[in-house]
Amino acid sequence: MSGGSGGGSSAPGRFADYFVICGLDTETGLEPDELSALCQYIQASKTQDGASRFISSATEGENFEQTPLRRTFKSKVLARYPENVEWNPFDQDAVGMLCMPKGLAFKTQADSREPQFHSFIITREDGSRTFGFSLTFFEEVTSKQICSAMQTLYHMHNAEYDILHTPPTNDKDSCSSAGDCNGTSVSKLQRFNSYDISRDTLYVSKCICLITPMSFMKACRKVLEQLHQAVTSPQPPPLPLESYIYNILYEVPLPPAGRSLKFSGVYGPIVCQRPSTSELPLFDFPVKEVFELLGVENVVQLFTCALLEFQILLYSQHYQRLMTVAETITALMFPFQWQHVYVPILPASLLHFLDAPVPYLMGLHSNGLDDRSKLELPQEANLCFVDVDNHFIELPEDLPQFPNKLEFIQEISEILMAFGIPPEGNLHCSESASKMKSLRACDLVSDKRNGNIAGSPLNSYELLKENETIARLQALVKRTGVSLEKLEVQEETSSKKDVKIQCDEEEFKIYQLNIQIREVFANRFTQMFADYEVFVIQPSQDKESWFTNREQMQNFDKASFLSDQPEPYLPFLSRFLETQMFASFIDNKIMCHDEDDKDPVLRVFDSRVDKIRLLNVRTPTLRTSMYQKCTTIDEAEKSIELRLAKIDHTAVHPHLLDMKIGQGKYELGFFPKLQSDVLSTGPASNKWTKRNAPAQWRRKDRQKQHTEHLRLDNDQREGKSALWSHLLHYLENRQRKTTSGSFSTSGILLDSERRKSDTSPAMSPLRISLIQDMRHIQNISEIKTDVGKARAWVRLSMEKKLLSRHLKQLLSDHELTKKLYKRYAFLRCDDEKEQFLYHLLSFNAVDYFCFTNVFTTILIPYHILIVPSKKLGGSMFTANPWICISGELGETGVLQIPRNILEMTFECQNLGKLTTVQIGHDNSGLYAKWLVEYVMVRNEITGHTYKFPCGRWLGKGMDDGSLERILVGELLTSHTEADERQCRTPPLQQSPSMIRRFVTISPNNKPKLNTGQIQEAIGEAVNGIVKHFHKPEKERGSLTLLLCGESGLVSALEQVFQHGFKSPRLFKNVFIWDFLEKAQTYYETLEQNEMVPEENWQTRARNFCRFITAINNTPRNIGKDGKFQMLVCLGARDHLLHHWIALLADCPITAQMYEDVALIKDHTLVNSLIRVLQTLQEFNITLEASLVKGIDI
């Protein structure tokens, strides 16, 4: 993150460490920049093979085929002052490369030669950073040798061009990378004679640069611009340039934290201010420019990519834009810091860095000619590409949404609109900035492009009120119910402001916007991580050994933290917790345990978290997705305003130096050769260091006064929990008891009373045990802290509807309660305690899955009971059975069941709520026939028990010939209620029974439902599905039950097809699937004979036949009824059921196989049925994998 002190803890607090001049070394002459040229040549060659190209090389490709004015020549560091400083060793290669990333540029008098400012960063091996600020301008070339060399290069180039390009194939002008030429084509003559020594004046780029320990971008820019102005203005400066450079190097100090500083430039005062240790770190780049270039939506998406450590490539013609976007995004991450490769300006010679298989944030310079389509990059699926100049961003695949993204964007947009910046961004922001000052207000209002007012000194509020786009945005915002008071406040505060600010109004607005946006971003993390400290795992060993074994150590209880977060946050947070920046943040927290050692960024963040916790007292609002707006903006703005209103320090003014006569000679248009003897060393002592020392000691004393107060909260911050501590003490007391009787009666309660009336086979009851539930939590390795364990225990108790009962048992140990709590504690007041436990009973009225749905990766033991029919020889069964259990979170895969074993326990990853069981066998042995009554499955941790009714045969030649069945389950209520209900009414939902599924000649087994009842069943089934989709996603039940359950759609459609069904032979079971196969054969024959009534009908028939064939070809032995179920489910998914009903109603096979009174032959009833089924078309029905396994259609 920018703003941190760069190199020097031992530095004497100077504002700048070096003043550097880079440019053309006339002694060595023109040297081609071989690395850049080679790189451009390689890229040009690659494009011919269709490989990646990072940058266009000009028309011909190779650097040496370009016109000499466009070639890359080496720049050199011509001078630096002082030669070296011990706290920040000078890196000549890095500075030379980053001051002029593309080397020297040559131009003639016909080209634009505006000076260009850009900043850069040098990151050292230890991660510390030095900041550079560079101003590049053009000077006339006075060396005749250089001019002659350029002329010679042109003669050679023209001669070679004549040989290679006769006749000429294109007229394209190789425009400069900055887009200086007006057109893309010029005449052949102009191309050949771009530079004539007798006619043209040759200019070459030169750069002056400041290297500083801190990033005061605005102040450094003013220093450099005023120095450049001094050499280009007709009048010489008041003092030699050496005086001003000596002043900035040796006499201007860094402003102390929380203070402002004024010092003198060549032509005017320069003010900078530094945040205090309790404010957000220093950041001096204009956030406004980033939002104008990209728009709020793109900035938030780019911010999300950076937080999740994707590869990020910024692309722009302007070096300063690359730097501004990169520094803004990293600054907005507070309190987190980018930990990977960070090169906001990537020199041309280092383009191979883009192939690195690691996260990076890099900036690539565009030449202004290439579009995105020509820029092919490696690993694009994992890359975020940002075309800064064109308001365009390409996102990586599978990017989760930032929490509360819409509300977050809304809050940022309000601030931007208050400053006259359109939230959607402004494509023309930079190009039109220079024109803005000459525009009148009326011109701006009629400007259809809008948004340019941000850079104007005019009253932005007045323009805002008349601007059409902003008016529409205001109306939109008002409809969402958000207050727009800020817009009015902005005008009042600016008009009533009595405080005199020591900088111009535009600069102050940049300060205001910066801090407001940064506070909003910082507030998101303060809200999301307000409770993070309790999940930090403090090391048990000393810090050195912990640091040595850091790779193997867990430092944060991720599972418990995520279990406490709102569900919409989880996709983002679960990935963010795995990033390097989050791990480093937590490492800092562990390493800097004392307030004195604490990282400054961490100290600021922790103080903000403390404020939130004091306000909320850890109420549930911290863990809901309710959006909390930022409340710290006014305080942060006031701090900046006070510093700028009253300057704390004024530096020594520049003065004449002890220079020899003749030194400091001034020549218009040329930056002079500075006198190194006066600039190489500074004054003997530095009074600023002495002055700051007592302030540092006073600050340390103040911090020490707070340590006792801060340590009071340490237990809680280290992940300790009063509840878990109480539970552990209770467990310890129980283990001391020697008599098993007292232990079993108070610690474990058997569930025997619930099974009094049950004589059928059943599972052994699950014991109700507070201690057993504790042990379940202790066995979950993902939970690392006591707070996490306590919360998991509460979740488990709520899901089991035992929270009140467990707590009552826990608090019944009065001696332990007295030992752990003071006399005035809530839990020692009997009345309040009883009322509290009574209120907790209300939780039992709702089925919670707050444990199952949160700890999705833990291993859970499941107990299975298979109940075969007692009457029909279940004990003679010889085949090898198997079972597969599916839930909302996954499935077990096929589990082989040992022969003659009907009850077993297995362990697998949490399946969530159970939905289906697939059960079958391998048809081996003499008696491979199995009649299964039902299957029961119990989660041994939560106690949830599911019943999967069957009542069908599994065996060849039995029933419908199925060797496997899909059973749909229901969650059983408490056993007492279930047993009582069993004698009165059937269960609410279950798999359909055997008798309905096939038809025999026996009149007793014919369906008894009449057409009215069947229509009602269809209506209820469809209505159930419609209601399912109209509920909020969290409240929806199982769609599988609605499709395949007792009153589901499959069951209702079976009744339709069974009504009036003829039975051809005695004791021959005829199934609906037999009818459907005959219909398929009919339609296929019809199509082969080309007797097709109409195209629409033909498509429906083809679809129907395709589905029947696919289901018949499935490798699964699911039987005829299982195939019918699969067909209905697929038809519902693909919205084809109503087409198929219409098709079958008109089929001649229907006339053969159904009686005249059958529902399927009544056109009125069929049309009614079609209309009902058509209502399912608007819903996207997703089928559980177990229902369509083996089908790819």
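These figures come from a predicted structure and were not determined experimentally.

Chemist: Hey, could you run me through the overall build of the chain in this one?
Modeler: Across its full length, the chain carries 43 helices and 26 strands. Evaluated residue by residue, the chain yields a buried proportion of 53% over its 1193 residues. Considering only contacts in the chain between residues 6 or more positions apart, those separated by 24 or more positions represent 76%. Total accessible area computed for the chain in this model is approximately 55300 Å², and 51% of it derives from carbon and sulfur atoms.

Chemist: I would appreciate a short explanation of the nonpolar core in the present structure.
Modeler: Across soluble globular proteins, you tend to see nonpolar side chains buried next to one another. Phe19, Phe263 and Phe529 are the most contacted members of the largest nonpolar core, which has 136 residues in total. Broken down by element, this core gets its largest block of residues, 10 residues, from helix α16 (residues 505-528). Core analysis: the next-biggest nonpolar cluster, separate from the first, contains 70 residues, Ile966, Ile1014, Val1050 and Leu1176 among them.

Chemist: Would you mind showing me how to read the pattern of salt bridges here?
Modeler: Pairing between side chains becomes possible if they bear opposite charge and their charged atoms approach one another. Enumeration over the complete set of coordinates arrives at 30 salt bridges. Between lysine 206 and glutamate 139 there is a salt bridge; the shortest N-O distance is 3.2 Å. Taken together, the residues span a long stretch of sequence, with lysine 206 in strand β6 (residues 202-212) and glutamate 139 in strand β5 (residues 129-140) at a distance of 67 residues. One exposure class covers both lysine 206 and glutamate 139, and it is buried. Across the pair lysine 222 and glutamate 507 runs a salt bridge whose closest N-O atoms are separated by 2.7 Å. Linking lysine 222 in helix α5 (residues 217-232) with glutamate 507 in helix α16, this pair joins segments that are 285 residues apart in sequence. Given the relative accessible area of 25%, lysine 222 is considered partly exposed.

Chemist: Could you clarify how one ought to interpret the side chain of asparagine 514 in this entry?
Modeler: Structurally, the position occupied by asparagine 514 is in helix α16. In this structure asparagine 514 comes out as buried when scored by relative accessible area, which is 4%. Discounting chain neighbours no more than four positions away, the residues touching asparagine 514 are Phe283, Phe285, Pro286, Val287 and Lys288.

Chemist: Would you mind going over the sheet that holds strand β24 (residues 945-954) with me for this structure?
Modeler: Strand pairs in the sheet, formed through backbone hydrogen bonds, run parallel or antiparallel to each other. Ordered by their spatial adjacency, five strands build an open sheet running β21-β17-β23-β24-β26, and the pairing between neighbours is antiparallel. Each edge of the sheet is formed by a strand with only one pairing partner; in this case those strands are β21 (903-909) and β26 (970-971). Relative to β26, β24 runs antiparallel, the two being bridged by two bridges. Across the sheet, tyrosine 946 pairs through a bridge with leucine 971, a residue of β26.

Chemist: Is there a simple way to think about helix α28 (residues 770-778) in this case?
Modeler: Think of an α-helix as 3.6 residues a turn; residues three or four steps apart then line up on the same face. Taken together, the buried positions of α28 are Leu770, Ile771, Asp773, Met774, His776 and Ile777. N-cap assignment for α28: the residue whose side-chain oxygen lies 3.4 Å from the backbone N of isoleucine 771 is serine 769.

Chemist: How should I be thinking about the pairing of strand β25 (residues 964-968) in this particular structure?
Modeler: When a strand is regular, its side chains alternate between the sheet's two faces. The buried fraction of β25 amounts to five of the five residues, a majority that puts the element mostly inside the structure. Relative to β25, strand β22 (residues 914-921) runs antiparallel, the two being bridged by five bridges. Note on β25: the bridge partner recorded for isoleucine 919 is arginine 965.

Chemist: Help me understand unusual backbone geometry in this model?
Modeler: Glycine aside, negative phi is the norm for most residues, and most peptide bonds take the trans geometry. The residue after tyrosine 81, namely proline 82, is reached through a cis peptide bond having omega -10 degrees. Structurally, proline 82 is set in the loop between β2 (76-81) and α2 (92-99). Look at the link from phenylalanine 334 to proline 335: it is a cis peptide, with omega at 10 degrees. Here proline 335 is to be found in the loop between α9 (319-331) and β10 (341-343).

Chemist: Got a minute to help me understand the confidence of the model for the chain in this structure?
Modeler: In low-pLDDT segments, the atomic positions of the prediction should not be examined closely. Here the chain averages 76 in pLDDT, and 73% of its residues register 70 or above. Every residue in residues 430-466 scores below 50 in pLDDT, and together they form 56 contacts with partners more than four places removed in sequence or on other chains. The low-confidence segment residues 701-717, where pLDDT is below 50, has 16 contacts with residues more than four positions distant or belonging to other chains.

Chemist: Sorry if this is basic, but what is going on with the environment of leucine 307 here?
Modeler: Within the secondary structure, leucine 307 is located in helix α8 (residues 296-307). The exposure class assigned to leucine 307 is buried, which follows from its relative accessible area of 0%. Sequence spacing of leucine 307 and tryptophan 338 is 31 residues, and the spatial spacing of their C-alpha atoms is 8.1 Å. For leucine 307, the residues in contact, after removing those within four places along its chain, are Met333, Phe402, Phe525, Phe572, Phe576, Thr579 and Met581.

Chemist: Whenever I open this one, the packing of helix α7 (residues 287-294) against α9 confuses me. Can you help?
Modeler: For any two helices packed against each other, one specifies the inter-axial angle together with the distance between the axes. Viewed as axis vectors pointing N to C, α7 and α9 meet at an angle of 105 degrees, and their least axial separation amounts to 9 Å. One way to sum up the angle between α7 and α9 is to call them roughly perpendicular. Residue-level inspection shows Val287, Glu289, Val290, Leu293 and Leu294 of α7 in contact with α9, the latter providing Arg321, Thr324, Val325 and Thr328.

Chemist: Looking at this structure, I do not really get the packing of α28 against helix α29 (residues 786-799). What am I missing?
Modeler: Closest axis-to-axis distance for the α28/α29 pair is 10 Å, and the angle between their directions is 130 degrees. Overall, the two elements α28 and α29 adopt an arrangement that is oblique. The crossing of α28 and α29 is right-handed. Mapping the contact onto sequence places Leu770, Asp773, Met774, His776 and Ile777 in α28 and Lys789, Ala792, Trp793 and Leu796 in α29.

Cut-off values and rules
Residues numbered from 1 in each chain as written. Predicted model: local features only at pLDDT ≥ 70, side-chain atom pairs only at ≥ 80, totals over all residues. Heavy atoms only, no water. Helix = DSSP H or I, 4+ residues; strand = E, 2+ residues; numbered from the N terminus. Buried < 20%, exposed > 50% of the residue type's maximum accessible area, 1.4 Å probe, protein only. Contact = heavy atoms within 4.5 Å. Areas by Shrake-Rupley, 256 points an atom, 1.4 Å probe, with all protein chains shown as cover. Core = buried A, V, L, I, M, F, W, Y, C linked by side-chain atoms within 4.5 Å. Salt bridge = Lys/Arg side-chain N within 4 Å of Asp/Glu carboxyl O. Pairing = 2+ DSSP bridges. Polar contact = N/O pair within 3.5 Å; in protein donor to acceptor, adjacent residues only side chain to side chain. pLDDT = per-residue confidence, 0-100. Axes fitted to C-alpha atoms, helices over the stretch in contact; angles between N-to-C directions. Parallel < 35°, antiparallel > 145°, perpendicular 65-115°, else oblique. Left-handed = near helix turned anticlockwise from the far one by under 90°.

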